[in-house]
Amino acid sequence: MMMVLAVFLPLIGAAVAGFFGRFLGDKGAQFVTCAAMGLSAVLAIPVFVDVALQHHAQTVTLFTWIDSGDLMVKWALKFDTLTAVMVLTVSLVSFMVHVYSVGYMHHDPSIPRFMAYLSLFTFFMLMLVTSDNLVQLFFGWEGVGVASYLLIGFWYERPSANAAAIKAFLVNRVGDFGFALGIFGVYVLFGTVHLDTIFAAAAGKANATLLFLGWELPAMTTLCLLLFIGAMGKSAQLGLHTWLPDAMEGPTPVSALIHAATMVTAGVFMVARLSPLFEQSETALMVVTIVGATTALFAATVGCVQNDIKRVIAYSTCSQLGYMFFACGVSAYSAGIFHLMTHAFFKALLFLGAGSVIHAMSDEQDIRRMGGIWKHVKVTWILMWIGNLALAGVPFFAGYFSKDLILEAAYGANSLVGQYSFWVGSLVAFLTAFYSWRLLILTFHGKPRADDHVMAHVHESPPVMIVPLIVLAIGAIFSGAVAYEMFVGHDREAFWGTAILVLKAHDSVEAAHHVPQWVKLLPVVAAVAGIVMAYIFYMLATGLPKAMATAFRPFYLFFLNKWYFDELYDFLFVRPAFWLGRGLWKGGDGAVIDGCGPDGIAAITRDVARRFGRMQTGFVYHYAFAMIVGAAVFVTWYMFNRVG
Amino acid sequence: MSLAMSDLTLALPELFLAGAAMLLLMLGVFRKEDSARVVLVLALLVLTVTLVLAYGVTPKTGRATSFGGLFLVDDFTRFAKVLVLVATAFTLAISRTWMEKEEIARFEYPVLVLFATLGMLMMISANDLMALYLGLETQSLALYVMAAYHRDNARSTESGLKYFVLGALASGLLLYGASLVYGFVGATNFETIAKALASHHAPQGLIIGLAFLVAGLAFKVAAVPFHMWTPDVYEGAPTPVTAFFAIGPKIAAFALLVRVLTGPFGPMVEAWQQLVVFLAAASMIVGAFAAIGQTNIKRLMAYSSIGHAGYALVGLAVGNREGISGLLLYLAIYLAMNLGTFGIILAMRVKGRAVEGISDLAGLARTSPMMALMLAVFMFSMAGIPPLAGFFGKLYVFLAAVNAGHIILALIGVLSSAVAAYYYLRIVKVMYFDEPAEALDRPIGPTLAVVLAGSLVFIVFFFLVPSPLVGGAEHAASVLFH
């Protein structure tokens, strides 16, 4: 009952605020959604204790959804450790974002709509993580996609927001297509979409093949790659990442909740959830590792040169998701989920902190026009420092534990891709620290670069925004240390139970604890080096960045333009699609169908009507002439058509 | 030729009507003031009595001739006469208020209506080319005068003159055709002609005569290309006269056309069918398209009546029992729709002045919702929207055409009624969605209200009890094909 309530309370909140927001008013809608969300978060704690700590994994079946021939799908909530972690993280962060939104959105004219969307998103996310079959998972998957679309385009008067919302939706469609194919494939191979049944049968199908258009494909690899395409779309991995930076058009709380802490991690969750499948395919794991590591590098390089405070954090998110994926790729699923959890705290903290800065700076988002405001917004400043320390992986903050373990596991995996991801990951750790401090220094330190008018208005955010930040900051500081032993330490086997399957040969988390000392130290050294370098660049030798940019102009432009992915896609897909669409619209529909159809017929009708009207001259002799002609035609007709 | 008593009995309605009309003429002449209203009321009474007589006169054998075969009575003539008399009575009744308000209410008008009606009844009962011409001219002469009845009005006199000139031309065509027929067959009696054609091969000259005959009659039903007089005359004539023109004479002319083509020329059905198909198709198309550009509602109704003539002609073009019964039903429904619509047009007055523009109806739904609703129903019915009566009228003729294999004709009919729907529905749009123009005067008077309500009830509820009318039409059509 508690579990069901935890999942469905946000839906109730969303429905009430969405349908009756007009009667409830802004305050009422905020109260209803926050209360429902808060209750859900509170309930998540005993659920977590029961399921994860006392190992009472269970499935709550609600009712049958589809019962058609061999296909049997039920609405059911599967609670194991993985789910419990996700539910706790999602509901807690979501609750904090709900509360924060009360303050952040207080100027907005459509507050009930916003709160309803937030709660609706949370419901879908909870549905996604608690699903016990692939179809329900897909339901939640698409649901969060819809909510994301609605929230990115929340300020629908802005063309850029609409464009970003559509972009997010379309790019995700590509991923979802792969995901859907993956689900179909799983059904073909296993004859069911029920997760536990699939997992039980997975080992036996390791060498199975799928016949597709005469090709014999290795079943497990094909399915895992298809499913991974879905994960790539949702989690903005290299190739399908282009929507995430644009999604920052949405209000900042949305960026924090959906595009940093929860929804974008759904891909990681999915891979971890399907670990029994991925474990059966070396190829798939390799692809996951390479994609993850490369994404981490790509996003970090781009993040170093962006100037929009939210975009920097967005690329950072993309990069951190890359970490989580290559963790999964080297079979360190628990490390991936661990990082997912810590990341949820510090990244939500960073986004909300950025929101607080934007709020203070009169909606300015460009860090080149900030600086020197730390004295005016001390609390936000401290909280942002905490968030960045955690992100950079400075020892004893949350990020330190999870990121270090991922890198160690990558090293410990003792494979070529493992080595690749380890070295790339270490480089990324350096870059992460660099862009984090670049962000911090440019935003808070140095001389003010904003105009006097803005500076005069710089103010600390109200408590309703600060308190959630503090809660998240606590998470960002302690969650790593507290959860380390359970997630990836000695208690991990008991903690995860059957939720995650790792083959003995793949146990990189175990190997992570036995790597050489220098491997353990390298990430920290990299992080500190990054911080120092950022300090030199932006505090001491402030001319250096410009000199560097000029010296390495091609690299600088390459990074600044995000590796030209948008331009490439624009050229490859967007333009041809527009061209085709416009051609079919103007040429096909407009000219041919409308022209020959409604418009053409109407024009002919008008023309004929005018001609007939003109014939009616009003002169009797014309009329008489017409009659004579008529009679003459009659007679002539019979001259040539002899009848009878 | 001896006159037997039975001859007179068969023609009793006509005799009564002729006598009464002349009496009323005398009454009007000798009674100085206030004669208009008295004569009108008496004329209505006369029409009612004639209706009863026309309905009551039934020959024992179902079919009888008199006056030496010139005059014919059967169930077809009964049906047509009842329709004509009903139409005449109602159009006369609703004319009174309008005439009085325009200050042209004089006793001559009802008398002219009676004489025109007499002509129509004679047309319907004609069984000889001579009788046909006699009836046609009796009717037409009265109509010419009526068109120019508003003699101080230039448009009215112009329309009367146009109608007269063109009508004379049409009569000429008709007479020429009749003389050709007489020349090649040697008879003017319908039955004799039919017998002659059934046994002999029709000579070419006879077919040409037939073509002229059809041309002359097509003028009377305003079928394309003999329709050109209609818009000008309908627009120019006083509105009650237009209403009268649009219904009674049209029904009578149709009855005559049906009689001539299925009677004496029945054996030549393949020959005349081609002409009628052309007339029907052309009328439907012109009626649909030409009305689109009109701004005057009377002119619009003229094109509408051309189109409706086309639909009715589809029934004749089919040339069998089913087609003719569809035509008769169509005429009955046409009567109700036009009576209602002209009732509304008669009520279109702003500050005591009669208006005729479609734009004058703008926003009628807000200024007088009941009137707008009624006109909307009439328009929907004219456009052929189910379940209104107009839909069934079209349904039966198109069904007959399809059953007889005239698919193309039915298709033209359906498509042109789709085009015609545009201008019917435009009136609805103007009434319901345009900014209100000046409100129309109210009240509209009890007579008009009753007639409007009657038409409305007929149109809306026809589909509930269609059998009396459908059965009557079928029966009337059946006597033509024995």
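Residues numbered from 1 in each chain as written. Chains lettered and ligands numbered in written order. Predicted model: local features only at pLDDT ≥ 70, side-chain atom pairs only at ≥ 80, totals over all residues. Heavy atoms only, no water.

A. Structural view of the overall build of chain A. Secondary structure summary: chain A contains 27 helices and four strands in total. Counting every position in chain A, which comprises 644 residues, the buried fraction comes to 58%. Summing over all exposed atoms, chain A offers an accessible surface of approximately 25800 Å²; the carbon and sulfur share of this is 70%. (Helix = DSSP H or I, 4+ residues; strand = E, 2+ residues; numbered from the N terminus. Buried < 20%, exposed > 50% of the residue type's maximum accessible area, 1.4 Å probe, protein only. Areas by Shrake-Rupley, 256 points an atom, 1.4 Å probe, with all protein chains shown as cover.)

B. Geometry of the overall build of chain B. Within chain B, the secondary structure is distributed over 20 helices and four strands. For chain B, long-range pairs separated by at least 24 residues make up 82% of all intrachain contacts whose partners lie at least 6 apart in sequence. Here chain B has roughly 16900 Å² of accessible surface; of this, 69% comes from carbon and sulfur atoms. (Contact = heavy atoms within 4.5 Å.)

C. Seen up close, unusual backbone geometry. Residues and elements named next belong to chain B. The omega torsion of the bond from Val-224 to Pro-225 falls at 5 degrees, within 30 degrees of zero and hence cis. Following the sequence through the fold, Pro-225 ends up in the loop between α9 (204-221) and α10 (229-236). The linkage connecting Arg-442 with the following residue, Pro-443, adopts the cis geometry, with an omega of 0 degrees. Mapped onto the elements, Pro-443 comes out in the loop between α18 (407-433) and α19 (446-461).

D. Examining the environment of Val-424 of chain A more closely. All names here are of chain A. Structurally, Val-424 is set in helix α17 (residues 416-444). Each C-alpha atom, one on Val-424 and one on Thr-294, is 7.6 Å from the other, the two residues being 130 residues apart in sequence. Leave out the neighbours within four places in its chain, and Val-424 touches Ala-293 and Leu-297.

E. Main features of the interface of chain B and chain A. Contact residues are listed per partner, giving 37 residues for chain B and 24 residues for chain A. For chain B, the biggest contributors to the area lost against chain A are Gln-204, Met-228 and Phe-289 of chain B; these three give 22% of the whole. Where chain B meets chain A, there are zero salt bridges. Here chain B and chain A share seven residue pairs in polar contact (both at pLDDT 80 or more) between them. In terms of residue count, helix α12 (residues 269-290) of chain B provides more of the side of chain B that touches chain A than any other element does, ten residues in total. Its residues assigned to classes, the side of chain B that touches chain A comprises 30 nonpolar, four polar and three charged. (Buried area = accessible area lost by both parts, 1.4 Å probe. Salt bridge = Lys/Arg side-chain N within 4 Å of Asp/Glu carboxyl O. Polar contact = N/O pair within 3.5 Å; in protein donor to acceptor, adjacent residues only side chain to side chain. Nonpolar A, V, L, I, M, F, W, Y, C, P; charged D, E, K, R; others polar.)

F. Seen up close, the packing of aromatic side chains. All names here are of chain A. If you walk through the whole model with that rule in mind, you get 63 aromatic pairs over all chains. Plain terms: the ring middles of Phe-401 and Tyr-484 are 5.7 Å apart, the flat faces sit at 55 degrees to each other, and that makes the pair tilted. A residue pair is termed long-range when its members are at least 10 positions apart, and Phe-401 in helix α16 (residues 398-412) and Tyr-484 in helix α19 (residues 463-487) qualify at 83 residues. By the burial criterion, Phe-401 is buried, and Tyr-484 matches it. The rings of Phe-298, Tyr-315, Phe-555, Phe-558, Phe-559, Trp-563, Tyr-564, Phe-565, Tyr-569 and Phe-573 are connected pair by pair, giving a single aromatic cluster. The lysine or arginine in question, Lys-586, covers the ring of Trp-585, its NZ or CZ lying 4.4 Å from the ring centre. (Phe/Tyr/Trp six-rings, centres within 6.5 Å; stacked < 30°, edge-to-face > 60°. Lys NZ or Arg CZ within 6 Å of the ring centre and 35° of its normal.)

G. The arrangement of the confidence of the model for chain B in detail. Taken as a whole, chain B shows an average pLDDT of 92; of its residues, 99% reach a score of 70 or greater. For this predicted complex, the interface confidence score (ipTM) comes to 0.89, while the overall pTM stands at 0.67. (pLDDT = per-residue confidence, 0-100.)

H. Structural detail: the nonpolar core. Among the nonpolar cores identified, the biggest contains 209 residues, and Phe-278 and Phe-487 of chain A are the most heavily contacted of them. No other element matches the 18 residues that helix α14 (residues 333-360) of chain A contributes to this core. What Phe-278 of chain A contacts, discounting residues up to four positions off in sequence, is Cys-224, Phe-228, Val-271, Ala-284, Leu-285, Val-288 and Tyr-333 of chain A. Listed in part, the 207 residues of the second largest apolar core include Val-113, Leu-210, Ala-246 and Ala-376 of chain B. (Core = buried A, V, L, I, M, F, W, Y, C linked by side-chain atoms within 4.5 Å.)

I. Helix α3 (residues 111-130) of chain A, seen in detail. In this model α3 of chain A runs 29 Å from its N-terminal to its C-terminal C-alpha over 20 residues, within 8% of the 28 Å that 1.5 Å per residue would give. For α3 of chain A, the buried fraction is high: 18 of the 20 residues fall into the buried class. (Expected span 1.5 Å × (residues − 1).)

J. Quick look at the packing of α10 of chain B against helix α13 (residues 297-318) of chain B. Residues and elements named next belong to chain B. At their nearest, the axes of α10 and α13 sit 8 Å apart, and the two run at 140 degrees to each other. Relative to α13, α10 is oriented oblique. Two packed elements cross with a definite hand, and for α10 against α13 that hand is right-handed. Note on element contacts: α13 touches α10 through Lys-298, Arg-299, Met-301, Ala-302, Tyr-303, Ser-305 and Ile-306, opposite Thr-230, Pro-231, Asp-232, Tyr-234 and Glu-235. (Axes fitted to C-alpha atoms, helices over the stretch in contact; angles between N-to-C directions. Parallel < 35°, antiparallel > 145°, perpendicular 65-115°, else oblique. Left-handed = near helix turned anticlockwise from the far one by under 90°.)

K. Region of the structure containing the pattern of salt bridges. In the structure shown here, the tally under the stated rule is 33 salt bridges over all chains. Taking the shortest distance from any N to any O, the salt bridge between Glu-510 of chain A and Arg-492 of chain A comes out at 3.3 Å. Of this pair, Glu-510 of chain A sits in helix α21 (residues 508-512) while Arg-492 of chain A sits in helix α20 (residues 492-496); the two residues are 18 residues apart in sequence, bridging distant segments of the chain. Connected via shared salt-bridge partners are Arg-155, Glu-158, Lys-162, Asp-232, Glu-235, Lys-298, Arg-299 and Glu-356 of chain B.

L. Broad picture of a nonpolar patch on the surface. Residues and elements named next belong to chain A. Together, Val-528, Val-532, Tyr-535, Ile-536, Met-539, Leu-540, Leu-544, Met-548, Phe-552 and Phe-555 give the surface a local cluster of nonpolar side chains, amounting to about 890 Å² of exposed area. Residue assignment for the nonpolar patch shows that the elements contributing at least two residues are α22 (517-540) and α23 (544-551). With six residues, the top contributor of residues to the nonpolar patch is α22. With respect to the helices, strands and loops of the structure, Phe-552 is situated in the loop between α23 and α24 (553-560). (Patch = residues over 30% accessible without salt bridge, like charges linked within 9 Å, V, L, I, M, F, W, Y side chains within 5 Å.)

M. Examining the packing of helix α2 (residues 81-104) of chain A against helix α9 (residues 252-261) of chain A more closely. Residues and elements named next belong to chain A. Orientation of α2 relative to α9, taken along the N-to-C sense of each, is 165 degrees, at an axis distance of 9 Å. Looking at the two axes, α2 sits roughly antiparallel to α9. Crossing angle aside, the handedness with which α2 passes α9 is right-handed. Every residue of α9 that contacts α2 at Val-93, Ser-94, Val-97, Tyr-100, Ser-101 and Tyr-104 is listed here: Thr-252, Pro-253, Ala-256, Leu-257 and Ala-261. Residue composition of the contact of α2 with α9, grouped by class: eight nonpolar, three polar and no charged.

N. Focus on the side chain of Asp-232 of chain B. Here Asp-232 of chain B lies in helix α10. For Asp-232 of chain B, a relative accessible area of 11% translates into the label buried. Within the structure, the side chain of Asp-232 of chain B is placed 2.6 Å from the side chain of Tyr-623 of chain A, a separation counted as a polar contact. Polar contacts involving the side chain of Asp-232 of chain B include one to the side chain of Arg-299 of chain B, which spans 3.3 Å.

O. The pairing of strand β2 (residues 71-79) of chain A, seen in detail. Taken together, the nine bridges between strand β1 (residues 58-68) of chain A and β2 of chain A define a ladder with antiparallel strand orientation. When the sheet's bridge partners are listed, Thr-61 of chain A is paired in β2 of chain A with Ala-76 of chain A. (Pairing = 2+ DSSP bridges.)

P. Representation of the layout of surface pockets within the structure. Residue and element names in this part refer to chain A. Its volume calculated, the largest pocket comes out at about 1100 Å³. As for the largest pocket, its lining consists of 29 residues, of which Cys-304, Arg-438, Phe-537, Tyr-538 and Pro-545 are closest to the centre. For the lining of the largest pocket, the elements supplying multiple residues, two or more each, are α17, α22, α23 and α24. When residues of the lining of the largest pocket are assigned to their parent elements, the largest contribution, seven residues, is made by α17. When its residues are assigned to classes, the lining of the largest pocket shows 19 nonpolar, five polar and five charged. The space that makes up the second largest pocket amounts to roughly 610 Å³. (1 Å grid on protein atoms, 1.4 Å probe; cavity = no way out; pocket = protein on both sides within 12 Å on 5 of 7 lines; lining within 4 Å. Points joined across faces, edges and corners; volume = space filled by probe spheres on them.)

Q. Broad picture of the side chain of Lys-394 of chain B. Residues and elements named next belong to chain B. Positionally, Lys-394 belongs in helix α17 (residues 389-403). In this structure, Lys-394 is buried with no salt-bridge partner, the nearest side chain bearing the opposite charge being Glu-322 at 17 Å. With near-sequence residues (within four places) excluded, Lys-394 lies in contact with His-308, Tyr-311, Tyr-330, Met-382, Ala-383, Gly-384 and Ser-417. (Lys, Arg positive; Asp, Glu negative; His and termini not counted.)

R. Up close: the environment of Ile-152 of chain A. Residues and elements named next belong to chain A. On the secondary structure map, Ile-152 appears in helix α4 (residues 134-152). The spacing of Ile-152 and Ser-255 is 103 residues in sequence and 8.5 Å in space, taken between C-alpha atoms. Look past the residues within four positions of Ile-152 in its chain and what remains in contact with it is Ala-161, Ala-164, Ala-165, Ala-168, Ala-247, Glu-249, Gly-250 and His-259.

S. Broad picture of the environment of Gly-355 of chain A. Positionally, Gly-355 of chain A belongs in helix α14. Not counting the four nearest positions on each side in its chain, Gly-355 of chain A is found in contact with Tyr-100, Tyr-104 and Thr-252 of chain A.

T. Representation of the pairing of strand β2 (residues 71-74) of chain B within the structure. Residue and element names in this part refer to chain B. Burial of β2 is two-sided: the residues Phe-71 and Val-73 facing one way and the residues Leu-72 and Asp-74 facing the other way are all buried. Summarising the sheet, strand β1 (residues 63-66) and β2 pair through four bridges and their orientation is antiparallel. Each bridged residue has a counterpart across the sheet, and for Thr-65 the counterpart in β2 is Leu-72. Taken together, β1 and the strand that follows it, β2, pair antiparallel across an intervening segment of four residues, in which Phe-67 is found at a positive phi of about 50 degrees.

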